[in-house]
Structures are given as structure tokens and as C-alpha cells.
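# Notes for the structure review
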Amino acid sequence: QVQLVESGGGLVQAGGSLRVSCAASGRTFSSSAMGWFRQAPGKEREFVASISWNGFITYYKDSVKDRFTISRNNAKNTVFLQMNTLKPEDTAIYYCAASKLNSISRYPDDYDYWGQGTQVTVSS
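All of the points below concern the structure found in this document. All values reported here derive from a predicted model rather than from experimental measurement.

### Remarks on the sheet that holds strand β1 (residues 3–7)
Taken in spatial order, the 4 strands of this open sheet run β1-β3-β8-β7, and their pairing is antiparallel. Looking at which strands have only one partner, the edges of the open sheet turn out to be β1 and β7 (68–73). Ignoring which end each strand starts from, the neighbouring axes of this sheet average 15 degrees apart. Note: β7 against strand β8 (residues 78–83), 6 bridges, orientation antiparallel. Residue pairing across strands places I70 opposite L81, the latter belonging to β8.

This is the structure in C-alpha cells:
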């Protein structure tokens, strides 16, 4: 069993920054790729970013790749998403997920554990 707990969401003005974190426990964290997904009101959950087990490979949704940075600290079983130059369209619940694989993926079916999510609201 794996538990994922997100934190760090909140309200920020457009152009601002936030860093959300995900603390993992249970399965060996360092052998799994990790991902961030988001779900805006009335929309389906969508991929945001993924990072390989060792942190060497990252992959982003096109609309965030110049603004967001995913990283991980395997010694602390934590993955981060640094979000800069936030836009109102980034408003969503952000979910952390642990992959069945050790490399990056944008497909939700490749992830078998999910956190409860943290709300990020960007005001215009």
C-alpha cells in the first residue's frame, strides 16, 4: 500500500508562484516514476508533469513546460511541482500519483496510487 499526501496549494494572483509537495510512504518510492495531474471544475483530469525514478527524465504538458518544474527528493520520499507565472487557467485540484513504471508517462492508467489532491486557485 502506498499513501500520497499533497500539500502547498492555495490562492495566488496571476503571475505568481506556488510549490506543491507530495509526501509518499509505503512502497519503495525511489523505484517509481511520479506524476502530477490536475482537474479543473467541469473538466476531466489531465496530465501535468512526470519524473522518472531517478529524477533524470522529466516530461510536461505543453502548456506548462516553460513555467512548471517537477523534481523529487528520494531521500525524503517527496516529489515537488514548482509552478511559476501562474495563470487563471491553471486553477484546479492538483493530484500526485505513483507510477507502476520507473520511467515517465502521461497516461493515468500507468499510475496505481493517487493522493487526495490539493486546491490551487489563481485569481486574475
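So much for the structure itself; the text now carries on.
### Here's the deal with the environment of S124
Relative to the assigned elements, S124 resides in the segment after β11 (118–123). A sequence separation of 111 residues divides S124 from Q13, and the C-alpha atoms of the two residues are 6.2 Å apart. Excluding residues within four positions of it along the chain, S124 makes contact with A14 and P88.

### Notes on the nonpolar core
Ranked by internal contacts, the top residues of the largest apolar core, which has 28 residues, are M34, W36, V79, L81, M83 and Y94. Sequence-distant contacts of V79, that is, excluding residues within four places in its chain, are made with V20, S21, C22, F29, M34, W36, I51, I70, S71, R72 and C96.

### Regarding the side chain of E6
If you trace the backbone, E6 turns up in strand β1. Among buried Asp, Glu, Lys and Arg side chains, E6 stands out as unpaired, with R45 the closest opposite charge at 7.7 Å. A polar side-chain atom of E6 sits 2.8 Å from the main-chain amide nitrogen of C96. Of the polar contacts made by the side chain of E6, one reaches the backbone nitrogen of G117; its length is 2.9 Å. Not counting chain neighbours up to four residues away, the residues in contact with E6 comprise S21, C22, W36, Y94, Y95, C96, G115, Q116, G117 and T118.

### Looking at the pairing of strand β3 (residues 18–25)
Bridging between β1 and β3 involves 5 bridges; their strand directions are antiparallel. By the bridge assignment, L4 is partnered in β3 with A24. Here 6 bridges tie β3 to β8, and the two strands are oriented antiparallel to one another. Looking across to β8, one finds that V20 is bridged to L81.

What counts and how
- Residues numbered from 1 in each chain as written.
- Predicted model: local features only at pLDDT ≥ 70, side-chain atom pairs only at ≥ 80, totals over all residues.
- Heavy atoms only, no water.
- Pairing = 2+ DSSP bridges.
- Helix = DSSP H or I, 4+ residues; strand = E, 2+ residues; numbered from the N terminus.
- Axes fitted to C-alpha atoms, helices over the stretch in contact; angles between N-to-C directions.
- Contact = heavy atoms within 4.5 Å.
- Core = buried A, V, L, I, M, F, W, Y, C linked by side-chain atoms within 4.5 Å.
- Buried < 20%, exposed > 50% of the residue type's maximum accessible area, 1.4 Å probe, protein only.
- Lys, Arg positive; Asp, Glu negative; His and termini not counted.
- Salt bridge = Lys/Arg side-chain N within 4 Å of Asp/Glu carboxyl O.
- Polar contact = N/O pair within 3.5 Å; in protein donor to acceptor, adjacent residues only side chain to side chain.

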